[in-house]
Number of protein chains: 2
Amino acid sequence: MEHPEASLCSAEGVNKFKETALFQDYHGMPEFREAVAKFMGKVRGGRVKFDPDRIVMSGGATGAHEMVAFCLADPGEAFLVPTPYYPGFDRDLRWRTGVELVPVVCESSNNFKITRAALEAAYEKAKEANLRVKGLLITNPSNPLGTILDRDTLKGIVKFINEKNIHLIGDEIYAATVFMEPEFVSISEIIEEVECNRDLIHIVYSLSKDMGFPGFRVGIVYSYNDAVVSCARKMSSFGLVSSQTQHLIATMLSDDDFVDSFIVESKEQLFKRHEYFTLSLSEVGIGSLKSNAGLFIWMDLRKLLKEKTLDAEMDLWRVIINEVKLNVSPGSSFHCDEPGWFRVCFANMDDNTMEVALLRITTFMHKHNEAMVPRKLCRRASLKLSLSRRRDDFMSQNMMSPHSPIPQSPLVRART
Amino acid sequence: MEHPEASLCSAEGVNKFKETALFQDYHGMPEFREAVAKFMGKVRGGRVKFDPDRIVMSGGATGAHEMVAFCLADPGEAFLVPTPYYPGFDRDLRWRTGVELVPVVCESSNNFKITRAALEAAYEKAKEANLRVKGLLITNPSNPLGTILDRDTLKGIVKFINEKNIHLIGDEIYAATVFMEPEFVSISEIIEEVECNRDLIHIVYSLSKDMGFPGFRVGIVYSYNDAVVSCARKMSSFGLVSSQTQHLIATMLSDDDFVDSFIVESKEQLFKRHEYFTLSLSEVGIGSLKSNAGLFIWMDLRKLLKEKTLDAEMDLWRVIINEVKLNVSPGSSFHCDEPGWFRVCFANMDDNTMEVALLRITTFMHKHNEAMVPRKLCRRASLKLSLSRRRDDFMSQNMMSPHSPIPQSPLVRART
């Protein structure tokens, strides 16, 4: 409302209507690219600068991932992807490109860390399958884990891809969601600290999560490789950002005060919600992976499985969807080998909905674990009472966006 | 300005900001699809109705064509395309899909008509090259010809694709630019008149030309085939229309008075400009293909060629770009076999620019054809004077959009 010039239908903005509607340079509006580059720097704590001329537009991160895959690999070639990973990758990177994904198996025993041994094992497995590995795709912060990669792990990853001479795609679409220490470290910082061939480094970014604008379809490929920038730019014709939206975003992100306070407030709200949610779960005996980012938690229901199999995980998932009436995503849909993990989005609902969800979980735990729950149930009830008094703290008008409309849940998969 | 609710930054529209920013159903907003379906009907004279549930979004017609190619063909399979055709097809349909295009050679001797003989010849040629033909792509109205396909030709085309059991893609992105009799006939009308397998029929549409909004990236695939609708809808994730733009377009196209008068006024302006431009050219001895649609004319400079070769056409093009200082597109860039044709956009410039262009052409013709030009030059001068008095007639605030930023011209090709 404070920026009527951001609109094309206002007295202040209508003189830009024609120019904007006709705009069709696939490089994007200079003010849009500059604003996005600046925002990317801010989100990374101002420790790195991004060059607007390396900003390539795409139709959301969805289009960005496909674009990078088209740029870097031929059909039948492969990317390594640490598990658990966003199931949309199976569509985005593979579907139309013919590219293969080879899982890098990470395990709960070391908090799903990406180790050199796991990377080497995946690389060898690909070789045995006669797949040429063209790159490694990491998601940092991680979807579904809600964790970030530490500096040493990132350095090890850069060393690995340099030694193998393969590309590194850093999906950093949750960069601004790191709501708690330790601080987020971007791959763009690491390559300034260690020696590496920058032609191998590419970042996928988006405003869908960090700004909560999935509807606006603002995806970005930021490559340090000139040839990739040039090729991706030509491909961007298939998924350009609407010039109307470029205009809006350019205006919005140019307001430093707004951006600075938005980033802070968004993190604060995520922190509170995350704290409340994990606390509430732990009070009914549900643990989760320690996390400090993202819009979800990686819930540990291993002890509720009838047996340690993915079939048992699906059985439990069916109970949760049909009886508990909650749509959480089973770990298997993220290619997690170890049964019993579930991703829960905690950000994309209002406080009332969250309360309902938590009460359903409590009731569920009560039913399944009668021996330990009665005491907890009382505590939940009192929590609910205390929440209604603390409504202002938790109530948010700026709820983060949900994940993309992707078949993460087997329920959705069955429908599409 | 009369619809502040179309904006998300106005007092009237800001309450829709959150909902719109978060919107991510790849079916598209119901009001958007309804408005587009209604507009498509209006543009076709209200003679056919379009089902909003068959409207699939894509990133402009560029993304729509790629999407259709991905849906209908595997790598190495082919589409027939009558020449001359929009050179962007070589990118959109082929680049990432691996699909081949086989030209259906049309000739000036019968005004570039698409004949059964030409279709059969192309089909046979593909077969000889061991290419499996999956469909025929027609552009109606034609870019670059500015002509429309008559009812009998369209019926013949539908008969042909039915007999061969191949798909028909009707690119109708210039449907609203038919500014003169005969009336536009859409493939959607033909399939109601003749028997055909509707599963083979698909329409590509866009608001880039008919509304002059290339920057907004509104592309549409409208298929009569349920499987294609379903598959394309999933692919649309790679190039969805920004929800902000869906909201604007839905509001805009719901205003019947505006739409009705826009369609009429746009045609009127195109008609005047086309008439003035072709008349001015003919006065200096330049003919063009008789046309009644589109934003361009197909200029006949065959007699200016030093010899009847495509090399000579390129020589002439270099003279036009370097000496005459006009950027027109040689026929060879549209896969036209016959040298000497050039596409001239007449719509995307203001009246002053048009005057400069016409004067340059006049001077050029004078220089190249001294024997016949002096008389014409005088006439041009008087035309210019009369124009300045008729400025209001030709001056337009609603100039149509230019073509996409595609390497139609060898100059642009060399740079990208």
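About the thresholds
- Residues numbered from 1 in each chain as written.
- Chains lettered and ligands numbered in written order.
- Predicted model: local features only at pLDDT ≥ 70, side-chain atom pairs only at ≥ 80, totals over all residues.
- Heavy atoms only, no water.
- Helix = DSSP H or I, 4+ residues; strand = E, 2+ residues; numbered from the N terminus.
- Buried < 20%, exposed > 50% of the residue type's maximum accessible area, 1.4 Å probe, protein only.
- Contact = heavy atoms within 4.5 Å.
- Areas by Shrake-Rupley, 256 points an atom, 1.4 Å probe, with all protein chains shown as cover.
- Least-squares fit on C-alpha atoms with pLDDT ≥ 70 in both.
- Pairing = 2+ DSSP bridges.
- Axes fitted to C-alpha atoms, helices over the stretch in contact; angles between N-to-C directions.
- Expected span 1.5 Å × (residues − 1).
- Arc of directions from axis to C-beta.
- Domains from an automatic or database assignment.
- Buried area = accessible area lost by both parts, 1.4 Å probe.
- UniProt positions renumbered as here; feature names shortened; annotations may be inferred.
- Salt bridge = Lys/Arg side-chain N within 4 Å of Asp/Glu carboxyl O.
- Nonpolar A, V, L, I, M, F, W, Y, C, P; charged D, E, K, R; others polar.
- Phe/Tyr/Trp six-rings, centres within 6.5 Å; stacked < 30°, edge-to-face > 60°.

Regarding the overall build of chain A
In step 1: A count of helices and strands for chain A gives 15 helices and 11 strands.
In step 2: Each of the 416 residues in chain A was classed as buried or not, and the buried ones make up 62%.
In step 3: Nonlocal contacts in chain A, meaning residues at least 24 apart in sequence, comprise 74% of its contacts between residues at least 6 apart.
In step 4: Summing over all exposed atoms, chain A offers an accessible surface of approximately 16300 Å²; the carbon and sulfur share of this is 51%.

What about the relation of the copies chain A and chain B?
In step 1: Mapping chain A onto chain B leaves a residual RMSD of 0.0 Å; the transformation is a rotation of 180 degrees accompanied by 0.0 Å of translation along its axis. Such a turn and shift between the copies fits a two-fold axis. If distances are taken from each C-alpha of chain A to the rotation axis, the shortest is found for glycine 239 of chain A, at 2.3 Å.
In step 2: When the interface residues of chain A are mapped onto chain B, 100% of them again lie at the interface, so the same face is used by both copies.

A short note on the sheet that holds strand E8 (residues 287–288) of chain B
Sheet strands pair by backbone hydrogen bonding; their relative direction is either parallel or antiparallel.
Residues and elements named next belong to chain B.
In step 1: Judged by pairing direction, the sheet is antiparallel, and its 4 strands sit side by side in the order E8-E9-E11-E10 without closing on themselves. Two strands lie at the open edges of the sheet, namely E8 and strand E10 (329–330), each paired on one side alone.
In step 2: In the sheet, strand E9 (residues 296–300) pairs with strand E11 (residues 341–345) via 5 bridges, with the strands oriented antiparallel. Bridge pairing links aspartate 300 to tryptophan 341 in E11.
In step 3: In the packing of helix H10 (residues 256–283) onto the sheet, contacts are made with E8, E9 and E11, and the angle to E9 comes to roughly 10 degrees.
In step 4: Along the sheet face, helix H11 (residues 310–324) touches E10 and E11 and points at about 30 degrees away from the line of E11.

Observations concerning helix H6 (residues 151–164) of chain A
An α-helical segment advances 3.6 residues per turn. Residues three or four places apart therefore align on the same side.
All names here are of chain A.
In step 1: Under the 1.5 Å per step criterion, the end-to-end length of H6 is 20 Å for 14 residues, consistent within 8% with the ideal 20 Å.
In step 2: If you check which residues of H6 are buried, you get Thr153, Leu154, Ile157, Val158, Phe160 and Ile161. Angularly, the buried residues of H6 cover 160 degrees about the axis, an arc narrow enough to put them on a single face. Turned more than 90 degrees from where H6 packs its buried face, Asp152 and Lys159 sit exposed.
In step 3: In the stretch just after H6, asparagine 165 is the one whose phi turns positive, near 55 degrees.

With respect to the domain arrangement of chain A
All names here are of chain A.
In step 1: Parsing chain A into structural domains produces domain 1 (4–254) and domain 2 (260–365).
In step 2: Centre-to-centre separation of domain 1 and domain 2, based on C-alpha positions: 26 Å.
In step 3: With 32 residues of domain 1 at the interface, the matching set in domain 2 holds 26 residues.
In step 4: Roughly 2500 Å² is buried in total at the junction of domain 1 and domain 2, and carbon and sulfur atoms are behind 65% of that figure.

Regarding the UniProt feature "domain: Aminotransferase class I/classII large" (unreviewed entry) in chain A
In step 1: Residues given the UniProt feature "domain: Aminotransferase class I/classII large" (unreviewed entry) here are residues 14–361 of chain A.
In step 2: Secondary structure content for residues 14–361 of chain A is 42% helix and 15% strand, while the C-alpha to C-alpha distance between its ends is 51 Å.

Notes on the sheet that holds strand E9 (residues 296–300) of chain A
Residue and element names in this part refer to chain A.
In step 1: Across the sheet, 4 strands lie side by side as E8-E9-E11-E10; this open sheet has antiparallel pairing. Single-partner strands in this sheet number two, and they are strand E8 (287–288) and strand E10 (329–330).
In step 2: Contacts between helix H10 (residues 256–283) and the sheet are confined to E8, E9 and strand E11 (341–345), with E9 contributing the most and set at about 10 degrees to the helix.

With respect to the interface of chain A and chain B
In step 1: Taken together, the contact between chain A and chain B spans 54 residues of the former and 54 residues of the latter.
In step 2: Note on chain A versus chain B: buried area summed over both sides is about 4700 Å², and carbon and sulfur give 64% of it.
In step 3: The interface formed by chain A and chain B contains 2 salt bridges.
In step 4: With a shortest N-O distance of 3.4 Å, glutamate 66 of chain A and arginine 96 of chain B are connected by a salt bridge.
In step 5: Elements with a contribution of two residues or more to the side of chain A that touches chain B: helix H1 (17–22), helix H3 (60–72), helix H4 (88–92), helix H8 (226–235) and helix H9 (243–253) of chain A.
In step 6: Here the side of chain A that touches chain B is composed, by residue class, of 26 nonpolar, 21 polar and 7 charged.

Concerning the pattern of salt bridges
In step 1: Per the stated rule, a full pass over the model turns up 54 salt bridges over all chains.
In step 2: When salt bridges with common partners are traced through the structure, they connect Arg47, Arg151, Lys155, Glu183, Glu189 and Glu193 of chain A into a single cluster.

With respect to the packing of aromatic side chains
Residue and element names in this part refer to chain A.
In step 1: Counted by the stated rule, this structure contains 33 aromatic pairs over all chains.
In step 2: Here the aromatic rings of tyrosine 85 and phenylalanine 89 are separated by 6.0 Å at their centres, their planes lie at 25 degrees, and the arrangement is stacked.
In step 3: Judged by relative accessible area, which is 3%, tyrosine 85 ranks as buried.
In step 4: Taking the relative accessible area as the measure of exposure, phenylalanine 89 reaches 0% and is therefore buried.
In step 5: Relative to tryptophan 341, the ring of phenylalanine 112 has its centre 5.4 Å away and its plane inclined at 80 degrees; by these criteria the two rings are edge-to-face. Here the residue phenylalanine 112 occupies a position in the loop between strand E3 (100–104) and helix H5 (116–128), and tryptophan 341 occupies one in strand E11, the gap between them amounting to 229 residues. Tryptophan 341 carries the same exposure label as phenylalanine 112, and that label is buried.

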